[in-house]
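A structural walkthrough
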2 protein chains.
Amino acid sequence: MLTKEELEDFSARAKEIYLDHISIDCVVFGFHEGQMKVLMLKSKNEEGWQLPGGFVELDEHIDVAATRILETRTGLQDIFLKQFHVFGANDRNKQHNEMYADIVPTESNFFAHRFISIGYYALVDFMNVNPTPDEFSDLCTWRDLNDLPVFLLDHELIFRTALDTLRLQLSYQPIGYNLMPKEFTMPELQKLYETILDQKLDRRNFQRRMLGFGILNKLEQTRKGGAHKAPYLYSFDLEKYKEALKEGLKSGW
Amino acid sequence: MLTKEELEDFSARAKEIYLDHISIDCVVFGFHEGQMKVLMLKSKNEEGWQLPGGFVELDEHIDVAATRILETRTGLQDIFLKQFHVFGANDRNKQHNEMYADIVPTESNFFAHRFISIGYYALVDFMNVNPTPDEFSDLCTWRDLNDLPVFLLDHELIFRTALDTLRLQLSYQPIGYNLMPKEFTMPELQKLYETILDQKLDRRNFQRRMLGFGILNKLEQTRKGGAHKAPYLYSFDLEKYKEALKEGLKSGW
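Residues numbered from 1 in each chain as written. Chains lettered and ligands numbered in written order. Predicted model: local features only at pLDDT ≥ 70, side-chain atom pairs only at ≥ 80, totals over all residues. Heavy atoms only, no water.

**Brief notes about the overall build of chain A**
In terms of helices and strands, chain A carries seven helices and nine strands. Taken along the three principal axes of its C-alpha coordinates, chain A extends 70 × 35 × 25 Å. By the burial criterion, 53% of the 253 residues in chain A qualify as buried. Within chain A, contacts between residues at least 6 apart in sequence are counted, and of these 72% link residues at least 24 apart. As presented, chain A carries roughly 12,600 Å² of accessible surface, and 48% of it is formed by carbon and sulfur atoms. (Helix = DSSP H or I, 4+ residues; strand = E, 2+ residues; numbered from the N terminus. Buried < 20%, exposed > 50% of the residue type's maximum accessible area, 1.4 Å probe, protein only. Contact = heavy atoms within 4.5 Å. Areas by Shrake-Rupley, 256 points an atom, 1.4 Å probe, with all protein chains shown as cover.)

Take a look at the structure:
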């Protein structure tokens, strides 16, 4: 637990550097070969796990703040984070407010104020990054979606909302460019969607729909080796992929 | 233009009532029979038009604040507003900051602070509501999407982002329950989608897709009168509609 002196010192510094009442929390999903995880921190100062979060500097764009916060708290660099929801219930950080106000009164304690938190999310290959805890955390680690810890504050709601957003996003935006190898088979791509949705998909429907989006190139060569008929290889058409990221997938209207 | 005394008075009151650094702006789209409009205010104190906006009270949920702000500024009651994006560029309200800081210095002027704005949007039948300007506005009125005025600050970006969100939403969420009569024909529903998307749609694709969503009931009776074959009537299956609002439309995965 922080001492009164430490908290007063942190609070005084925070007031000079950060905007009051606004925080950012990041939900980083990790995917690799059919597994999905979420990046979490175990705090040194309290029980329970939290999402990597922090505050916005006085003259900093919120998107820049999100990237900086994620890097500072987890060591993850250059992650493309996307805003997905604002968490603004009036009592959302009451638990923290009371804990902090017990040590230093609210008026002179930045951390005992009400904070409205902007949620950002990202999906990365968890084999490509190396999470590192910051000075406030004992652990910074991937937690399996089937074995989640107890979350602090409203962080479980933030996590669930990010997961719902990611799943909905599959219907209107392309995904997977940073997760698939350069060339991949349709079953490999289907596995990504099945992992995110946590459900089995019909092979034919999936193929028809994916091809209908017009973001894949079918390659000349097939995947060699193996007993079965060699499956076709595909790659993303990067130009069309980027266009669909901006405009939404061809939805067949 | 506000006087120094008026601004000092407003600022002192605002500091007691509202959270610093956070604002809300509402984009209310109006639809009626193939026309689409957006609700805007013309300020008494400056040139240009703005979206109805305001601040969050110290102990108020942001969703409650959005509804209150819309009602206070436009007279529209009980509108279901949905959060869609946060606008947090560091210089987004520089234009206002400088204007207000010229009258009362920033330190003692709430309105000259940096504000991060949470965007909310709604889609209503503009024949069912009666916009009324508040004390700060000369006009509160529907502007046609094909004849938009000059927007203040970043309000054009907020409007465009809301419109993009609404268009994307057609792919993954049901729409129209509050806009269509209780019973309607497929061409009438198609007209709603065409108006929002601002493009003609293929009749057969539209019908196949809409029916595939599983949110419509086909009624026994047809629309009588007229020279052509009487078209079938449909109504929304409210239970499935609400489920799809929550879970996303059956997307065919």
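**Examining the nonpolar core**
By size, the foremost hydrophobic cluster in this structure holds 50 residues, and its most contacted members are A:I24, A:L81, B:I24 and B:L81. Apart from the residues within four sequence positions on either side, B:I24 is in contact with B:P52, B:G53, B:G54, B:V56, B:I62, B:A65, B:A66, B:I69, B:S117, B:I118 and B:Y120. (Core = buried A, V, L, I, M, F, W, Y, C linked by side-chain atoms within 4.5 Å.)

**Let's talk about the side chain of B:S235**
Residue and element names in this part refer to chain B. On the secondary structure map, S235 appears in strand β9 (residues 232–236). Residue S235 is classed as buried on the basis of its relative accessible area of 12%. Residues in contact with S235, not counting those within four places in the same chain, are K182, F184, I215, L216, N217 and L219.

**Comments concerning the interface of chain B and chain A**
Listed per partner, the contact involves 37 residues of chain B and 37 residues of chain A. Of the roughly 3,100 Å² buried at the junction of chain B and chain A (both faces included), carbon and sulfur atoms supply 65%. For the side of chain B that touches chain A, the secondary-structure elements that each account for two or more residues are β1 (18–32), β4 (53–57), β5 (82–87), β6 (116–125), α5 (186–197) and α6 (203–213) of chain B. If you tally residues by element for the side of chain B that touches chain A, the top one is α6(B), at five residues. Classifying every residue of the side of chain B that touches chain A gives 19 nonpolar, 11 polar and seven charged. (Buried area = accessible area lost by both parts, 1.4 Å probe. Nonpolar A, V, L, I, M, F, W, Y, C, P; charged D, E, K, R; others polar.)

**Focus on the domain arrangement of chain A**
Residue and element names in this part refer to chain A. As far as domains go, chain A holds domain 1 (4–169) and domain 2 (186–247). Look at where the C-alpha atoms of domain 1 and domain 2 centre, and you get two points 33 Å apart. At the interface, seven residues of domain 1 touch six residues of domain 2. Note on domain 1 versus domain 2: buried area summed over both sides is about 620 Å², and carbon and sulfur give 75% of it. Inspection of the region where domain 1 meets domain 2 yields zero salt bridges. (Domains from an automatic or database assignment. Salt bridge = Lys/Arg side-chain N within 4 Å of Asp/Glu carboxyl O.)

**Here we look at the packing of α5(B) against α6(B)**
Between two packed helices, what matters for the description is the angle formed by their axes and the separation of those axes. Residues and elements named next belong to chain B. It is at 11 Å that the axes of α5 and α6 come closest, and there the two elements cross at 95°. Taken together, the axes of α5 and α6 are roughly perpendicular relative to one another. Counting all contacts with α5, which are made through M186, L189, Q190 and Y193, the residues of α6 involved are R203, F206, Q207, M210 and L211. Here the contact of α5 with α6 is built from residues that sort into six nonpolar, two polar and one charged. (Axes fitted to C-alpha atoms, helices over the stretch in contact; angles between N-to-C directions. Parallel < 35°, antiparallel > 145°, perpendicular 65-115°, else oblique.)

**Section: the environment of B:D63**
Residue and element names in this part refer to chain B. By secondary structure assignment, the location of D63 is in helix α2 (residues 62–74). Along the chain, D63 and Y120 lie 57 residues apart, while their C-alpha atoms are 8.8 Å from each other. Not counting the four nearest positions on each side in its chain, D63 is found in contact with Q83 and Y120.

**Re the packing of aromatic side chains**
Across all of its chains, the model carries 37 aromatic pairs over all chains by this definition. Relative to A:F206, the ring of A:Y193 lies with its centre 5.2 Å away and its plane at 65°, an arrangement referred to as edge-to-face. You can see A:Y193 sitting in helix α5 (residues 186–197) and its partner A:F206 sitting in helix α6 (residues 203–212), a full 13 residues away along the chain. Owing to a relative accessible area of 1%, A:Y193 belongs among the buried residues under this scheme. Seen in terms of ring centroids, B:F236 and B:Y241 are 4.9 Å apart; in terms of plane orientation they differ by 65°. Their pairing is edge-to-face. Of the two residues, B:F236 and B:Y241, neither departs from the other in class, the shared state being buried. Among the aromatic residues, those joined into a ring-pair cluster are A:Y18, A:F55, A:Y100, A:F110, A:F111 and A:F115. One Lys or Arg, A:K37, reaches over the ring of A:F126 and ends 5.4 Å from the middle of that ring. (Phe/Tyr/Trp six-rings, centres within 6.5 Å; stacked < 30°, edge-to-face > 60°. Lys NZ or Arg CZ within 6 Å of the ring centre and 35° of its normal.)

**Some thoughts on the UniProt feature "domain: Nudix hydrolase" (unreviewed entry) in chain A**
In this numbering, the UniProt entry assigns the feature "domain: Nudix hydrolase" (unreviewed entry) to residues 19–167 of chain A. End-to-end, the C-alpha atoms of residues 19–167 of chain A are 32 Å apart, and along that stretch the chain is 24% helix and 36% strand. (UniProt positions renumbered as here; feature names shortened; annotations may be inferred.)

**Some remarks on the relation of the copies chain B and chain A**
For the pair chain B and chain A, the best superposition has an RMSD of 0.0 Å and corresponds to a rotation of 180° with a translation of 0.0 Å parallel to the axis. Taken together, the rotation and translation describe the operation of a two-fold axis. (Least-squares fit on C-alpha atoms with pLDDT ≥ 70 in both.)

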